[in-house]
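Geometric and topological summary
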Amino acid sequence: MAGLDVPLDFGVTEEHVLLRSEAQRFLAERCPPAEVRRWMEEPSGFDPTLWREIGRLGWVGLAFPEAHGGAGLGHLPLALLLDEMGRSLLPSPFFACLLAGFAFEHAGSAGQCERWLPSIASGESIASLALLEPGGAFEADALCTSAEPAEGGFVLRGRKIQVLAAPSANLLVVPCREPDGQLAFFVVEPPCPGLVIDPETGIDATRRSGRVTLEGVRVPADARLDGEGATALNEVLVRGAAALAAEMVGGAEGALLLTRDYAIQRVQFGRPIGSFQAVKHPIVDTLIGVELVRSLALAAGAGLDRTPAQAEPVVRMAKALAGDVFSDAVRRAVQLHGGYGFTWECDAHLYMRRALWSRALLGDATHHRRKLAERLFSTGP
């Protein structure tokens with residue numbers, strides 16, 4: 001990772017520590033497990049009042065430019081914030097808005113960002129990036145949704161699946177293939193003729209998604225974002241993977257702490273089960289994994305802030321390892337809870353569902369390691 005400028009402390013300042021501690025306090029108070037479970041049963045999947053508060057706190061626009069309603073603080077504090085969100089399993093459209101905001105930031109003109117980004121940064125608009133297509137395509141060279149020129153604009157046709165927060169979204173950013181083969185981003189504002197959004201039943205009820213069908217959706221010419229689509233999409237995927245890795249670190253630690261507390265409280269043979277080597281050694285192994293991947297996630301955030309052109313390898317390393325560590329953490333959580341770990345009442349399964357969902361989103365460990373191999377061992381110039 002030549003050229004990656006990351007200090008030993010990752011550049012974490014007192015302000016960053018304060019942001020994290022305040023986020024931890026706020027989420028512990030407003031998003032305890034009972035609230036998470038309550039909103040899992042609601043059609044929206046999240047608390048609109050809590051979402052408005054998050055918007056007022058400025059969390060959504062934390063890494064977006066100040067010129068367009070954000071705080072301009074960068075990816076490192078965003079990683080610290082997402083770590084806390086992952087630990088609490090916050091049910092919200094936060095990640096959907098983050099991906100959509102990245103799309104505007106990297107593909108939109110100054111005028112387009114000024115038009116749409118401030119409402120996303122404030123939480124007023126719920127936006128999402130309609131990316132994944134049937135068959136699993138999500139990278140620029142594999143997308144097939146089409147955009148045909150028409151009088152006064154474009155006509156969009158195709159299907160997207162597992163679109164985050166789609167049933168609640170009032171703004172969709174859709175990457176489409178133009179007749180010349182180039183990729184471009186288009187803004188669609190639901191509801192509109194030809195647009196069908198069907199809620200999906202996913203494995204993680206704390207993060208809702210939907211199937212988006214574009215049956216000749218007409219959009220005006222200025223709904224096409226000006227930037228080069230393939231380059232912008234790669235930037236969005238890298239930044240999204242860095243953000244998701246940070247959230248997965250928090251989720252893995254949440255599962256670890258849940259297991260630790262149970263091991264302290266559960267008594268067997270007159271002793272807490274946490275005193276037995278067969279229990280405490282796996283917990284320590286999980287702790288080591290969490291701290292290792294946290295270092296990578298923070299390095300990814302700091303690298304994107306300091307030397308973004310060289311940050312992609314460490315981002316991919318963080319996302320790949322986060323998938324492994326989170327999966328191991330939830331597997332051990334279920335195992336060490338014994339029979340209780342397989343019941344609905346045990347929160348371990350909530351973390352397991354989030355781990356399964358997060359591991360696949362924006363590419364699993366195999367995908368990112370393949371990309372790393374292509375980049376690091378290429379014989380080209």
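Reference entry: report on the structure contained in this document. (Residues numbered from 1 in each chain as written. Predicted model: local features only at pLDDT ≥ 70, side-chain atom pairs only at ≥ 80, totals over all residues. Heavy atoms only, no water.)

Digging into empty space enclosed by the protein
The full count for this structure, using the stated rule, is seven cavities of 30 Å³ or more. Contributing to the lining of the largest cavity are 13 residues, with Ser-92, Pro-93, Ala-165, Arg-207 and Arg-208 lying nearest its centre. Residue composition of the lining of the largest cavity, by class: six nonpolar, five polar and two charged. The space that makes up the second largest cavity amounts to roughly 80 Å³. In terms of lining, the second largest cavity is formed by Phe-138, Glu-139, Leu-237, Val-238, Ala-241, Glu-312, Val-315, Arg-316, Leu-362, His-367 and His-368. Of all the elements in the fold, those that place two or more residues in the lining of the second largest cavity are helix H7 (229-265), helix H9 (312-336) and helix H11 (365-376). (1 Å grid on protein atoms, 1.4 Å probe; cavity = no way out; pocket = protein on both sides within 12 Å on 5 of 7 lines; lining within 4 Å. Points joined across faces, edges and corners; volume = space filled by probe spheres on them. Nonpolar A, V, L, I, M, F, W, Y, C, P; charged D, E, K, R; others polar. Helix = DSSP H or I, 4+ residues; strand = E, 2+ residues; numbered from the N terminus.)

Details of H7
Between the first and last C-alpha of H7 there are 53 Å, a value that for 37 residues agrees with the 54 Å anticipated at 1.5 Å per step. Between the side-chain oxygen of the N-cap and the backbone nitrogen of Ala-230 there are 3.3 Å, and the N-cap of H7 in question is Glu-228. (Expected span 1.5 Å × (residues − 1). Polar contact = N/O pair within 3.5 Å; in protein donor to acceptor, adjacent residues only side chain to side chain.)

Considerations on the side chain of His-337
In this fold, His-337 is placed in the loop between H9 and helix H10 (348-360). Here His-337 falls in the buried class, since its relative accessible area comes to 4%. At a separation of 2.7 Å, a polar atom in the side chain of His-337 contacts the main-chain carbonyl oxygen of Ala-333. Setting aside residues up to four positions removed in sequence, His-337 forms contacts with Leu-258, Thr-259, Tyr-262, Cys-346 and Ala-348. (Buried < 20%, exposed > 50% of the residue type's maximum accessible area, 1.4 Å probe, protein only. Contact = heavy atoms within 4.5 Å.)

Some remarks on the packing of H7 against H9
For the pair H7 and H9, the least separation of the axes is 8 Å and the interaxial angle reads 25°. Between H7 and H9, the crossing angle belongs to the class labelled roughly parallel. Considering the relative orientation of H7 and H9, their crossing is left-handed. (Axes fitted to C-alpha atoms, helices over the stretch in contact; angles between N-to-C directions. Parallel < 35°, antiparallel > 145°, perpendicular 65-115°, else oblique. Left-handed = near helix turned anticlockwise from the far one by under 90°.)

Some words on the state of the cysteines
A disulfide bridge is the covalent bond that connects two cysteines by way of their sulfur atoms. Throughout the structure, instances matching the rule amount to zero disulfides. Its sulfur unpaired, Cys-176 is 11 Å from the next cysteine sulfur, which belongs to Cys-144. (Disulfide = S-S within 2.5 Å.)

Let's talk about the nonpolar core
In terms of nonpolar packing, the biggest core is built from 128 residues, with Trp-59, Phe-94, Phe-104 and Leu-156 touching the most fellow members. Examining the composition of this core, we find that 18 residues originate from one element, H7, more than from any other. Here Trp-59 is in contact with Leu-19, Ala-23, Phe-26, Leu-27, Ile-54, Leu-81, Met-85 and Phe-94, once residues within four sequence places are set aside. (Core = buried A, V, L, I, M, F, W, Y, C linked by side-chain atoms within 4.5 Å.)

A word on the pairing of strand S2 (residues 146-150)
In terms of strand pairing, S2 meets strand S3 (residues 153-164) through five bridges, oriented antiparallel. Across the sheet, Pro-149 pairs through a bridge with Phe-154, a residue of S3. Between the end of S2 and the start of S3, which pair antiparallel, lie two residues, with Gly-152 showing a positive phi angle near 80°. (Pairing = 2+ DSSP bridges.)

What about helix H6 (residues 110-121)?
With twelve residues, H6 extends 15 Å from end C-alpha to end C-alpha; this agrees with the ideal 16 Å at 1.5 Å per step. Each element contacted by the buried residues of H6 is listed here: helix H3 (48-57), helix H5 (94-107), strand S1 (127-129), strand S4 (171-177) and strand S5 (183-188). Count one or two residues on from H6 and you reach Gly-123, which has phi positive near 85°.

Details of the environment of Leu-98
For Leu-98, the location among the structural elements is in helix H5. The class for Leu-98 is buried, based on a relative accessible area of 1%. When the C-alpha positions of Leu-98 and Leu-129 are compared, they lie 8.9 Å apart, and in sequence the two are 31 residues distant. Leu-98 has contacts with Val-60, Phe-64, Leu-78, Leu-82 and Ala-243, leaving out every residue within four places of it along the chain.

Some thoughts on unusual backbone geometry
That bond from Pro-190 to Pro-191 is cis: its omega, -10°, falls within 30 degrees of zero. Mapped onto the elements of the fold, Pro-191 is located in the loop between S5 and strand S6 (195-199). One non-glycine residue, Leu-89, lies in positive phi territory at about 55°. With respect to the element layout, Leu-89 can be found in the loop between helix H4 (75-88) and H5. For Leu-89, a relative accessible area of 3% corresponds to the buried category. The phi dihedral of Gln-162 is positive, around 50°, even though this residue is not glycine.

Digging into the pattern of salt bridges
Taken as a whole and assessed by the stated rule, the structure comprises 25 salt bridges. Note that Glu-253 and Arg-87 form a salt bridge whose closest N and O atoms lie 2.8 Å from each other. On the criterion of sequence distance, the pair formed by Glu-253 in helix H7 and Arg-87 in helix H4 is long-range, its members being 166 residues apart. Of the residues examined, Glu-253 reaches a relative accessible area of 11% and is grouped as buried. With a closest N to O distance of 2.9 Å, Lys-160 and Glu-133 form a salt bridge. (Salt bridge = Lys/Arg side-chain N within 4 Å of Asp/Glu carboxyl O.)

Remarks on the packing of H4 against H5
One can describe the packing of H4 onto H5 by two numbers: an axis separation of 12 Å at closest approach and a directional angle of 160°. For the element pair H4 / H5, the angle class is roughly antiparallel. The chirality of how H4 crosses H5 is left-handed. The residues of H5 that touch H4, namely those facing His-75, Leu-78, Leu-81, Leu-82 and Met-85, are Phe-94, Leu-98 and Phe-102. Along the lines of polarity and charge, the residues of the contact of H4 with H5 split into seven nonpolar, one polar and no charged.

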